[in-house]
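# Analysis of the macromolecular model
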Amino acid sequence: MRKALGVLLVLLLAAPAFATMSAARLEEIATKDVIPEIQMAAGLALVDYYAANKTETELKELATGGATEAIRTAATLALSRVWIGKDLEYRDLIELVNDPGQPAALRAAAVDALLEFLIEKKDSTLETIYTLGRTAEMRYAGAKAYFFKNRGKFKLADLEAICLDDTNPDGYRKAAAELLAGNYLFPPTTAKSQGELEDQALNGKNEYLRYAASQALFTLVVQSDLSEVDLLKKVTSFYLNEAFTEEYKDAYIRALAARWAAGL
């Protein structure tokens, strides 16, 4: 296995077109590469391209039936961008996001479009949504709107406590983790170093604290002077390696995707 992985890495690093890959090349990698993490990086690099070049119907089809998780994720995120600001009805969005019978990819894609309506709702309404929503996406949408409206009320310690409290709804904890990630970056009094974020993304007490660290770590990695080759080596090292958490891997996968996307 180690020998095979070494051969794969040599092949990847030897490809001269990697620095300026086309959308077709990224789609090929997202569909056929044997390393899932490399597939996902290529898929995420396609999001902006998909949003600008594919129809809504095409994105729906790819989001629900794409050949790989990487392609389905790319289409879901692209569809989310297409739906933001589009003339969609609140009732239609609620029915989609709150319906367990709808494909999870479409529910996820509709969350940000729904937020445009939810941020105008009363806190009590949002609390009901993130507590009693029928799907994880609905609960997350309600919580995301709630924290957007009340972000100044929560300090770092408050958000960490929310993430650690198992009695809180899942969407509420996820939205709190996203706000917490910002606190890990700014202001300087609460900011964590890259080393501290890496440690938390690997060893955080639960998935929500690891997720918060991962979101902040991604920002620092993107801003760092880490080369594309080094990022590629890092992501390749995740293959079949149980030493890394999904949250830790995600920060570097997204950073590699950002580098590839910049070349489109």
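The coordinates are above.
This report concerns the structure included in the present document. (Residues numbered from 1 in each chain as written. Predicted model: local features only at pLDDT ≥ 70, side-chain atom pairs only at ≥ 80, totals over all residues. Heavy atoms only, no water.)

## Concerning unusual backbone geometry
Put simply, F186 and P187 share a cis peptide bond, and its omega is 5°. Phi angles above zero are rare outside glycine, and L240 is one such case at about 55°. The residue L240 is located in the loop between α15 (228-236) and α16 (246-261) in this model. Since its relative accessible area comes to 58%, L240 is described here as exposed. (Helix = DSSP H or I, 4+ residues; strand = E, 2+ residues; numbered from the N terminus. Buried < 20%, exposed > 50% of the residue type's maximum accessible area, 1.4 Å probe, protein only.)

## Focus: the nonpolar core
Ranked by internal contacts, the top residues of the largest apolar core, which has 83 residues, are F147 and W260. Ignoring any residue separated from it by four or fewer positions in sequence, one finds F147 in contact with F154, L159, I162, Y172, A175, A176 and L179. (Core = buried A, V, L, I, M, F, W, Y, C linked by side-chain atoms within 4.5 Å. Contact = heavy atoms within 4.5 Å.)

## Details of helix α13 (residues 194-203)
Of the residues making up α13, those classed as buried are L197, E198, Q200 and A201. Buried residues of α13 fall within an arc of 165° about the axis and therefore sit on the same side. Buried residues belonging to α13 abut α12 (170-185), α14 (207-223) and α16. (Arc of directions from axis to C-beta.)

## As for the packing of helix α3 (residues 36-45) against helix α6 (residues 69-83)
Relative to each other, α3 and α6 sit at 25°, their axes nearing to 8 Å. Classified by the angle their axes make, α3 and α6 are roughly parallel. In this structure, the crossing between α3 and α6 has a hand that is right-handed. Of the residues in α6, those in contact with Q39, M40, G43 and L44 of α3 are E69, A70, T73, A74 and L77. Class assignment of the residues belonging to the contact of α3 with α6 gives a composition of five nonpolar, three polar and one charged. (Axes fitted to C-alpha atoms, helices over the stretch in contact; angles between N-to-C directions. Parallel < 35°, antiparallel > 145°, perpendicular 65-115°, else oblique. Left-handed = near helix turned anticlockwise from the far one by under 90°. Nonpolar A, V, L, I, M, F, W, Y, C, P; charged D, E, K, R; others polar.)

## Let's talk about the environment of D112
Relative to the helices and strands, D112 resides in helix α8 (residues 104-118). Spatially, the C-alpha atoms of D112 and A136 are 14 Å apart, while their sequence positions differ by 24 residues. In this view, D112 contacts S80, I84 and K144; residues no more than four positions away in its chain are not counted.

## A few points about the layout of surface pockets
Taken as a whole, the largest pocket encloses approximately 1900 Å³ of empty space. Lining the largest pocket are 46 residues, and of these T73, L77, K174, Y211 and D250 sit closest to its centre. Only α3, α4 (47-53), α6, α8, α10 (136-150), α12, α14 and α16 provide two or more residues apiece to the lining of the largest pocket. The biggest single contributor to the lining of the largest pocket is α16, with nine residues. Class assignment of the residues belonging to the lining of the largest pocket gives a composition of 22 nonpolar, seven polar and 17 charged. One number sums up the size of the second largest pocket: a volume of about 190 Å³. What lines the second largest pocket is simply L115, I119, K144, A145, F147, F148, R151, A175, E178 and L179. Mapped by element, the contributors of at least two residues to the lining of the second largest pocket are α10 and α12. With four residues, α10 is the single largest residue contributor to the lining of the second largest pocket. The residue inventory of the lining of the second largest pocket, partitioned by class, reads seven nonpolar, no polar and three charged. (1 Å grid on protein atoms, 1.4 Å probe; cavity = no way out; pocket = protein on both sides within 12 Å on 5 of 7 lines; lining within 4 Å. Points joined across faces, edges and corners; volume = space filled by probe spheres on them.)

## Things to note about the pattern of salt bridges
For side chains bearing opposite charge, pairing can occur when the charged atoms are close. Under the counting rule described, the total for this entry stands at 13 salt bridges. Across the salt bridge formed by K149 and D123, the nearest N and O atoms sit 3.5 Å from each other. With K149 in helix α10 and D123 in helix α9 (residues 123-132), this residue pair connects regions lying 26 residues apart in the sequence. Note that R173 is salt-bridged to D166, the shortest N-O span being 3.0 Å. In this structure R173 comes out as buried when scored by relative accessible area, which is 7%. Judged by its relative accessible area of 65%, D166 falls in the exposed class. Taken together, the shared-partner salt bridges in this structure form one network comprising E37, E246 and K249. (Salt bridge = Lys/Arg side-chain N within 4 Å of Asp/Glu carboxyl O.)

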